[in-house]
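Geometric and topological summary
For reference, the chains in residue letters:
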Amino acid sequence: MATIETVALRRGGLCLAESRPSVQIIFLLRFLTGTALCAQVAGADGHLGRTAWGALTWVLMIFSVYLFNGVMDVSEDRLNGSRRPICRGDLPPAFATAVALAAAVASLLSGFALDPVMGLLLTVVLVLGYLYSGPPFPLKRSSGGTVLTGGVATVLTYGAGALAYAGEFRVSLMLLVFVPAASLWTALVGSTTKDLPDIEGDAQAGRTTFAVTHGERTLRWTICAVAIGLALAFTAAVLLLELPLWPSAIAMVAGALAITVLCLRGRRREPYGAFMATQYALHGLVILALV
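- Taking an unreviewed UniProt entry as the reference, the protein is identified by name as Homogenitisate phytyltransferase belonging to Nonomuraea longispora.
- On record in UniProt, under Subcellular location (unreviewed entry), the comment for the protein is "Membrane".

What follows is the structure in structure tokens.
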């Protein structure tokens, strides 16, 4: 017979799985990319200890947001055939909600202890996370709300990484080029490829996403056009300004081509996988090149 400690540990692991570890990792990479871009300006004036503290705090907050999203998305996830722990019935929603709330409070306390501005950034993203998933009018019901939430959360993550390292916001040309490009890639390409396999379930749940209102064919062509357009614009800026970001530019072009091929072949889940793989490459290459 399982002990209370065993059950708690098992449910804790299920909470981690529900919060999508792959997403936690990409937010950590965004945070560290903000740090790396800031370090090009701040140099040795930065603080690695503050950076580690800030990174752990930020990931804890993202964990809270995505766990809460899992609780609030149960109906849609079941319609879309999700096999995450709450949908399987392995993780009680009440337990997940309590863990999400505890993680949110802990991240805020840690963030304000590190820096008041960091605490404010955490607060903004936590509020956005609730507005995205929670009642009475969740932003997730429309593509515009998804784009807004994803874009703002991504930009603030880069800013938090820079703030944790330097203790203030220091702007460089590379940051001004990379952050908008990567944030638009997340907001526009990520949100559309994520909706592609969930069209029927989202329609049944009453969501008015771009995919539901305009149809799958239009969505596929839109994904291709936006992905290629963003990749070419980012590459042009890197080349014209002679920035050492060309490995990331190549990665975005390759990702855009992969997504285009997958969309034109009628695949549904694979385009989002290609989007995520491109995210890892984009940020990993920046960190490796600059650090």
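**Some remarks on the pattern of salt bridges**
- The full count for this structure, using the stated rule, is eight salt bridges.
- For arginine 220, the salt bridge is made with glutamate 216, and the minimal N-O distance between the two is 2.6 Å. Here arginine 220 and its partner glutamate 216 are both found in helix 12 (residues 216-240), four residues apart, which amounts to about one turn of the helix.
- By relative accessible area, which is 25% here, glutamate 216 ends up partly exposed.
- Residue glutamate 270 is joined to arginine 267 by a salt bridge in which the shortest nitrogen-to-oxygen separation is 3.7 Å.
- Its relative accessible area of 37% is what places arginine 267 among the partly exposed residues.

**Focus on the UniProt feature "transmembrane region" (unreviewed entry) in the protein**
- When the UniProt feature table is mapped onto this chain numbering, "transmembrane region" (unreviewed entry) sits at residues 52-71, 91-110, 116-133, 145-165, 171-190, 219-239, 245-264 and 271-290.
- Secondary structure across residues 91-110 comprises 90% helix and 0% strand; the distance between its end C-alpha atoms is 27 Å.

**Remarks on the domain arrangement of the protein**
- Assigned domains within the protein: domain 1 (1-171) and domain 2 (172-290).
- The C-alpha centroid of domain 2 is placed 21 Å from the C-alpha centroid of domain 1.
- Counting across the interface, domain 1 meets domain 2 through zero salt bridges.
- Among the secondary structure elements, those contributing two or more residues to the side of domain 1 that touches domain 2 are helix 2 (21-42), helix 4 (74-79) and helix 8 (143-166).
- Counting residues per element, the side of domain 1 that touches domain 2 draws most heavily on helix 2, which supplies 11 residues.

**Here's the deal with the packing of helix 12 against helix 13 (residues 246-264)**
- Taken N-terminus to C-terminus, the directions of helix 12 and helix 13 make an angle of 165°; their axes are 9 Å apart at the nearest point. If you check the angle between helix 12 and helix 13, you find them roughly antiparallel. Crossing of helix 12 over helix 13 shows left-handed handedness. Facing Arg220, Trp221, Ile223, Cys224, Ala227, Ile228, Leu230, Ala231, Phe234, Thr235 and Val238 of helix 12, the residues of helix 13 in contact are Trp246, Ser248, Ala249, Met252, Val253, Ala256, Ile259, Thr260, Leu262, Cys263 and Leu264.

What counts, and at which threshold
Residues numbered from 1 in each chain as written. Predicted model: local features only at pLDDT ≥ 70, side-chain atom pairs only at ≥ 80, totals over all residues. Heavy atoms only, no water. UniProt positions renumbered as here; feature names shortened; annotations may be inferred. Salt bridge = Lys/Arg side-chain N within 4 Å of Asp/Glu carboxyl O. Helix = DSSP H or I, 4+ residues; strand = E, 2+ residues; numbered from the N terminus. Buried < 20%, exposed > 50% of the residue type's maximum accessible area, 1.4 Å probe, protein only. Domains from an automatic or database assignment. Axes fitted to C-alpha atoms, helices over the stretch in contact; angles between N-to-C directions. Parallel < 35°, antiparallel > 145°, perpendicular 65-115°, else oblique. Left-handed = near helix turned anticlockwise from the far one by under 90°. Contact = heavy atoms within 4.5 Å.

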